[in-house]
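One-letter residues, chain by chain:
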Amino acid sequence: MGPILLKLTQYLKEVVKSEFDVDLAESVLWEPSAKLEFGDLSATIALKLAKQLEKSPVDIAEIIKSALEEKIKDVADDIRIVKPGFINIFLSSRILSGMLDEFLKSGRDFFKGKDGRKVLIEYVSANPTGPLSVAHGRQAVVGDAIASVLEFCGDKVTREYYLNDAGTQLTIFTESVKAWVIHLRTGNQLVLPDGGYKGEYLRDVAQAAIDENIAEDDITSFSVQKMVDVIKASCGALGLKDFDIWFSQQKLIDDGHVEGAISFLKDKGLIYEDTDAVWFKSTDFGDDKDRVIRKADGDLTYFASDIAYHKDKLDRGYDFLIDLWGPDHHGYIARVQSAIKAMGYPDEMLKVIIIQLVTLKTKERMSKRAGKMILVSELVDDVGKDAARFYYLSRRNSSHLEFDVDLAKEASVNNPLYYVQYVCARISSIMRKAEWSDNAYDFSVFTDDDKFLLRNLFQFYFALQKAYSTCEPVFIIEYLKSLAAVFHKFYECNRVLEGDLHLMRARLVLLRAVYMLMSCGLGVLGISVVDEM
RNA sequence: GCGCCUGUAGCUCAUCUGGAUAGAGCAUCUGCCUUCUAAGCAGAGGGUAGCAGGUUCAAGUCCUGCCAGGCGCGCCA
């Protein structure tokens with residue numbers, strides 16, 4: 001689809017130039033039609049030129065159409081002008097069959113872009129002080145899916161988890177574990193430190209520390225490792241690909257990178273002292289106030305680490321950085337962006353994606369419970385990996401997600417996951433009964449229904465592009481749902497294993513392509529393909 | 001007070017960065033299995049897109065002002 005799009009854009013530019021002497025800058029002038037009834041591709045250029053040319057859009061469209069017709073008769077079966085001035089193209093059978101052949105041959109590589117970027121995506125990064133909540137789960141699944149989408153499209157992606165194994169929170173956490181150790185050893189009443197962690201999971205950590213005879217000095221690293229194990233287990237249960245790098249904040253500090261980053265900024269004259277604290281002039285780069293990086297008591301702030309962390313990411317030579325954060329950190333974006341700019345990089349190099357909150361809804365308790373209280377591990381036990389992923393991915397990143405646990409659990413009509421997976425199950429069933437499994441077919445026997453299904457297949461390109469450029473996996477979910485609808489309707493109206501032999505064989509090939517495409521779509525989202533339901 | 005997010009059918013959400021008749025699922029109602037899996041299909045009802053202005057050929061989408069909800073505004077992390 002990509003090459004055709006570029007070719008058609010080139011033709012359209014030439015026509016507009018020769019007919020109206022107007023130069024167009026846009027890189028792509030065609031978009032997917034709102035509905036396939038309108039054709040495969042649409043251009044709104046006539047509408048946009050109407051004012052400038054002082055002509056009616058339809059007249060302009062007609063002129064373009066007649067000039068274009070000659071050039072693209074190979075590509076398009078039909079060009080139609082519709083009401084306000086849309087120019088709609090119906091791709092030719094030659095193009096469609098060519099794309100089908102190529103897709104059958106190359107599979108997922110059919111959609112792969114050429115020159116990928118080197119991308120670092122950081123997500124989850126929950127403090128190693130407790131298990132993952134369902135809110136973390138959303139960040140985990142969305143981050144994993146975005147990474148896969150980028151890879152699918154040809155980027156070289158590194159998945160990273162920033163481990164906050166330093167600082168105040170961790171000290172409190174360690175103290176809490178120690179309190180549990182004393183409690184378990186002596187039987188005395190549990191005395192947690194101020195603001196200490198209350199979760200029962202600390203009992204297990206403390207018990208393990210006792211069992212393994214961990215020295216008091218090693219409690220911190222031991223406890224962090226225990227929590228990392230718990231977090232890794234949850235990520236695994238959600239079907240996440242492994243993180244390439246677990247980046248330790250403590251190591252960043254120990255290796256002197258934080259001090260290094262500060263002196264780097266100091267050399268640029270962006271550091272000053274005031275009221276015994278050290279400040280970074282972030283206002284020079286768009287922040288609304290300067291930020292402290294070293295407190296009056298001499299300790300570094302979290303922001304100081306973050307400056308160093310992002311400097312380190314940039315120094316590692318990535319083309320593009322992505323951070324996934326919770327909504328409670330949105331006020332932090334300007335601060336980090338200012339640091340990026342201060343270090344001499346354009347702020348477009350860092351994309352911060354805010355993943356909105358998750359609330360849970362269950363039948364027995366219709367009141368919305370705070371998602372923070374419920375653990376990922378409980379959720380996955382409840383609804384399974386695929387349903388969890390499907391639901392997590394079925395909203396835009398910026399939308400609040402209400403997770404209907406009962407619906408996700410329900411193995412019935414109601415569950416959109418099954419609606420999509422059912423496509424593969426139905427096709428698999430046909431394939432098991434079919435007598436042919438080769439890819440030989442005659443394109444000319446296809447009916448309009450077949451072609452409609454096929455044309456829908458190639459719309460995946462646009463969903464993928466959208467998901468890629470916006471980092472919104474939901475576009476793929478939406479596409480898969482719509483493809484499923486088209487398939488189910490096709491299935492009801494057309495019997496595959498009956499009638500004309502040539503048509504039957506062609507349809508088996510078509511359905512194989514549908515199955516492959518569903519595998520691509522579900523696969524990139526980390527959701528299982530099901531052959532039997 | 002300032003900043004960010006959200007407001008679309010009874011409910012949960014889409015609407016491809018300004019386009020075509022605002023679409024799905026759930027819930028309600030009506031049909032369709034001696035035929036490749038009915039976890040499906042066909043159809044009905046359900047809408048002043050929070051409200052009010054503005055920008056233009058075109059606004060759910062962009063701008064302004066209100067209203068409502070969520071979150072954030074530390075020498076916390």
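Residues numbered from 1 in each chain as written. Chains lettered and ligands numbered in written order. Predicted model: local features only at pLDDT ≥ 70, side-chain atom pairs only at ≥ 80, totals over all residues. Heavy atoms only, no water.

**Q** Would you take a moment to explain the overall build of chain A for this structure?
**A** A tally of helices and strands in chain A yields 20 helices and 15 strands. C-alpha extents for chain A along the principal axes are approximately 85 × 60 × 40 Å. Put simply, chain A has 533 residues, and 51% of those count as buried. The contacts of chain A with a sequence gap of at least 6 include a subset with a gap of at least 24, amounting to 70%. Accessible surface computed for chain A: about 24600 Å², of which carbon and sulfur atoms make up 49%. One way to put it: in chain A the 66 positive side-chain charges average out to a point 3 Å from where the 81 negative ones average out. (Helix = DSSP H or I, 4+ residues; strand = E, 2+ residues; numbered from the N terminus. Buried < 20%, exposed > 50% of the residue type's maximum accessible area, 1.4 Å probe, protein only. Contact = heavy atoms within 4.5 Å. Areas by Shrake-Rupley, 256 points an atom, 1.4 Å probe, with all protein chains shown as cover. Lys, Arg positive; Asp, Glu negative; His and termini not counted. Charge placed at Lys NZ, Arg CZ, Asp CG, Glu CD.)

**Q** Teacher, can you tell me more about the pattern of salt bridges here?
**A** Inspection of every chain in the model, using the stated rule, returns 33 salt bridges. Between aspartate 312 and arginine 316 there is a salt bridge, with its nearest N and O atoms 2.8 Å apart. The partner of aspartate 323 in a salt bridge is lysine 313, and the shortest N-O contact between them spans 2.8 Å. Placement of the pair is aspartate 323 in strand 11 (residues 320–325) and lysine 313 in helix 11 (residues 302–315), with a sequence separation of 10 residues. Like aspartate 323, the residue lysine 313 is buried in the burial classification. (Salt bridge = Lys/Arg side-chain N within 4 Å of Asp/Glu carboxyl O.)

**Q** Could you clarify how one ought to interpret the protein's contact with RNA strand B in this entry?
**A** Close to RNA strand B lie 64 residues; Phe86, Thr275, His330, Tyr422 and Ser429 are nearest. For RNA strand B, the backbone makes up 62% of the atoms found within 4 Å of the protein, where backbone means sugar plus phosphate. One of the side-chain N or O atoms of lysine 51 is found 3.3 Å from a phosphate oxygen in RNA strand B. Within the residue set of the surface near RNA strand B, elements represented by two or more residues are helix 2 (45–53), strand 4 (86–91), helix 6 (168–186), strand 9 (277–280), helix 16 (416–433) and helix 19 (474–493). If one sorts the elements of the surface near RNA strand B by residue count, helix 16 sits on top with eight residues. (Near = heavy atom within 4 Å. Polar contact = N/O pair within 3.5 Å; in protein donor to acceptor, adjacent residues only side chain to side chain.)

**Q** Before we go on, may I ask you to explain the sheet that holds strand 6 (residues 156–163) in this structure?
**A** Pairing between the strands of a sheet is mediated by backbone hydrogen bonds and can be parallel or antiparallel. Spatially, the five strands line up as an open sheet ordered 7-6-5-11-12, and their pairing is parallel. Sheet topology places strand 7 (245–248) and strand 12 (350–354) at the edges, where each strand pairs with a single neighbour. The sheet shows a mean angle of 25 degrees between the axes of neighbouring strands, direction not considered. The pairing of strand 11 with strand 12 spans five bridges and is classified as parallel. Looking at strand 12, one finds that tryptophan 325 is bridged to isoleucine 354. In this fold helix 11 packs onto strand 5 (118–122), strand 6, strand 7, strand 11 and strand 12, with an angle of close to 160 degrees to the strand it touches most, strand 6. (Pairing = 2+ DSSP bridges. Axes fitted to C-alpha atoms, helices over the stretch in contact; angles between N-to-C directions.)

**Q** Can you help me understand the layout of surface pockets in this one?
**A** Over the atoms a probe the size of a water molecule is rolled, and this reveals where empty space is left. If you add up the space inside the largest pocket, you get close to 1300 Å³. If you go around the largest pocket, you meet 42 residues; those closest to its centre are Ser125, Ala126, Asn127, Asn164 and His329. Residue assignment for the lining of the largest pocket shows that the elements contributing at least two residues are helix 5 (134–152), helix 6, helix 9 (249–254), helix 11 and strand 11. Of all the elements, helix 11 adds the most residues to the lining of the largest pocket, at five residues. (1 Å grid on protein atoms, 1.4 Å probe; cavity = no way out; pocket = protein on both sides within 12 Å on 5 of 7 lines; lining within 4 Å. Points joined across faces, edges and corners; volume = space filled by probe spheres on them.)

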